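Structural overview for review
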Amino acid sequence: MQRRGVGLAAFDRDQQQRSQYQELGSALLKTHIDELTSQLATFQSTLSSFATLHAREIRSDPEFREKFSRMCAAIGVDPLSSGRGGKGGIKGWSEMLGVGDFYYELAVRIVEVCRRTRQENGGLIEVGQVRELVSARLQRAGGNAVTEDAIEDVIRAVKTLQPLGKGIEIVTIGSTQMIRSVPRELSNDQATVLEAAQLLGFVSKSMLVVNLQWDHARASTVLDDLMSNSLVWVDDQGEELEYYSSALINGG
């Protein structure tokens, strides 16, 4: 009986030690989290001061704005946020910087370009082409051109429309970023064909059969679907029908 009592006492001590270690670990973790939270608050405060000081450059210079956006992303700040960060928080970033209206106005112009070109490209257009069309329209209206550095602005403006659903979004085909303005998903086969057309210039049914080892029915179905949705154009001047990406043709 005495040995059993010693064993139970040792067990109790072991349990108590484990409990103490857990409490110590929790205390250390809380201290670490508090320190990180304090550092993050300091970074955000410093970033706020920087943003206020350089607000004009952020609004007018695409390259400067892109670098500032990267700084924000590094510490989890959304430059397009319009809410307050709680009691004692700073006002919304988009208000403070005046960039919210810039992106929303740009988004409206992007939607207009997508709408005007949808019949030509089936609702799939290169981001770079959108930038060029928006820039041309602004210049005709007496405004400033949207520079090459503003590609990220176009992408960011499209993302401001995400709360509206999947009516317009950024998709990547191969190495090309594109804007899709129709509420439908590309199948894996369709994406593969469009990527091949991007890399090779065009595709044909025999190319898909030989290189992807598809049967003729599968190749025909995918090409017919893409053509019916105006995502490819057909050249019937050669021995075999050649299919070109509508987006890339209009972008070129």
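Structure first, text after, so check above.
Summary of the structure given here. This structure is a prediction, so every number in the text was calculated from the model and none was measured.

Definitions and cut-offs
Residues numbered from 1 in each chain as written. Predicted model: local features only at pLDDT ≥ 70, side-chain atom pairs only at ≥ 80, totals over all residues. Heavy atoms only, no water. Helix = DSSP H or I, 4+ residues; strand = E, 2+ residues; numbered from the N terminus. Buried < 20%, exposed > 50% of the residue type's maximum accessible area, 1.4 Å probe, protein only. Contact = heavy atoms within 4.5 Å. Areas by Shrake-Rupley, 256 points an atom, 1.4 Å probe, with all protein chains shown as cover. Salt bridge = Lys/Arg side-chain N within 4 Å of Asp/Glu carboxyl O. Axes fitted to C-alpha atoms, helices over the stretch in contact; angles between N-to-C directions. Parallel < 35°, antiparallel > 145°, perpendicular 65-115°, else oblique. Nonpolar A, V, L, I, M, F, W, Y, C, P; charged D, E, K, R; others polar. Pairing = 2+ DSSP bridges. Core = buried A, V, L, I, M, F, W, Y, C linked by side-chain atoms within 4.5 Å. Phe/Tyr/Trp six-rings, centres within 6.5 Å; stacked < 30°, edge-to-face > 60°. Patch = residues over 30% accessible without salt bridge, like charges linked within 9 Å, V, L, I, M, F, W, Y side chains within 5 Å. Expected span 1.5 Å × (residues − 1). Arc of directions from axis to C-beta. Polar contact = N/O pair within 3.5 Å; in protein donor to acceptor, adjacent residues only side chain to side chain.

For the rest of this paragraph, the subject is the overall build of the protein. When helices and strands are tallied, the protein shows 11 helices and five strands. A burial count over the protein gives 33% of its 252 residues as buried. Considering only contacts in the protein between residues 6 or more positions apart, those separated by 24 or more positions represent 53%. When the accessible surface of the protein is summed, it comes to about 15600 Å², and 52% of that surface belongs to carbon and sulfur atoms.

Before going further, it helps to examine the pattern of salt bridges. Throughout the structure, instances matching the rule amount to five salt bridges. Linking Glu112 and Arg115 is a salt bridge whose minimum nitrogen-to-oxygen distance equals 2.8 Å. Of this pair, Glu112 and Arg115 both sit in helix α5 (residues 99-121), three residues apart, roughly one helical turn. We classify Glu112 as partly exposed; its relative accessible area is 25%. The salt bridge partner of Arg116 is Glu112, with a shortest N-O separation of 3.7 Å. In this pair, Arg116 and Glu112 are both assigned in helix α5, four residues apart and thus about one turn of the helix distant. We classify Arg116 as partly exposed; its relative accessible area is 36%.

With that out of the way, let us pick up the packing of helix α8 (residues 188-200) against helix α10 (residues 216-228). Where α8 contacts α10, the axes come no closer than 10 Å and their chain directions differ by 80°. Between α8 and α10, the crossing angle belongs to the class labelled roughly perpendicular. Contact with α8, carried on its side by Asp189, Gln190, Val193 and Leu194, involves Arg218, Val222, Leu223, Asp225 and Leu226 of α10 and no other residues of that element. Here the residues of the contact of α8 with α10 sort into five nonpolar, one polar and three charged.

Right, let's get into the sheet that holds strand β1 (residues 124-126). The pairing of strands in a sheet comes from backbone hydrogen bonds and takes either a parallel or an antiparallel form. One open sheet accounts for three strands, arranged β1-β3-β2; its pairing is antiparallel. Looking along the sheet, the strands with just one partner apiece sit at the ends: β1 and β2 (169-173). Taken pair by pair, the neighbouring strands of this sheet meet at an average axis angle of 40°, ignoring direction. With respect to the sheet, α8 is in contact with β1, β2 and β3 (176-180), its orientation differing from that of β2 by roughly 65°.

One finds Leu124, Val193, Val203 and Leu226 to be the most contacted residues of the largest nonpolar core, which totals 20 residues. The residues touching Leu226, leaving out its near neighbours within four places in the chain, are Gln190, Val193, Leu194, Leu231 and Val232. Ranked by size, the runner-up nonpolar core spans 18 residues in total, among them Tyr103, Ile125, Leu138 and Ile179.

Aromatic rings in a pair are described by how distant their centres are and how their planes are angled relative to each other. Evaluation of the coordinates by the stated rule reveals one aromatic pair. Measuring from centroid to centroid gives 5.5 Å for Phe202 and Tyr244, while their planes differ by 40°, and the two rings are tilted. Taken together, the residues Phe202 in the loop between α8 and α9 (205-212) and Tyr244 in strand β5 (residues 242-245) connect sequence positions 42 residues apart. Here Tyr244 falls in the partly exposed class, since its relative accessible area comes to 22%.

Turning our attention to a nonpolar patch on the surface. Together, Met227, Val234 and Leu241 line one region of the surface with nonpolar side chains, adding up to about 220 Å² of accessible area. Its relative accessible area of 37% is what places Leu241 among the partly exposed residues.

Moving on to α10. Look at α10: 18 Å from first C-alpha to last across 13 residues, which is about the 18 Å you get at 1.5 Å a residue. Those residues of α10 that fall on the buried side of the exposure criterion are Ala219, Ser220, Val222, Leu223 and Leu226. Burial along α10 is one-sided: seen end-on, the buried residues are contained in an arc of 165°. Facing away from the buried side of α10 by more than 90 degrees, the exposed set consists of Ala217 and Ser228. Among the structural elements, α8, α9, β4 (232-235) and β5 are those in contact with the buried residues of α10. Where α10 begins, one side-chain oxygen reaches toward the backbone nitrogen of Ala217, 3.2 Å away; that side chain belongs to Asp215. One or two residues past the end of α10 sits Ser230, with phi positive at roughly 65°.

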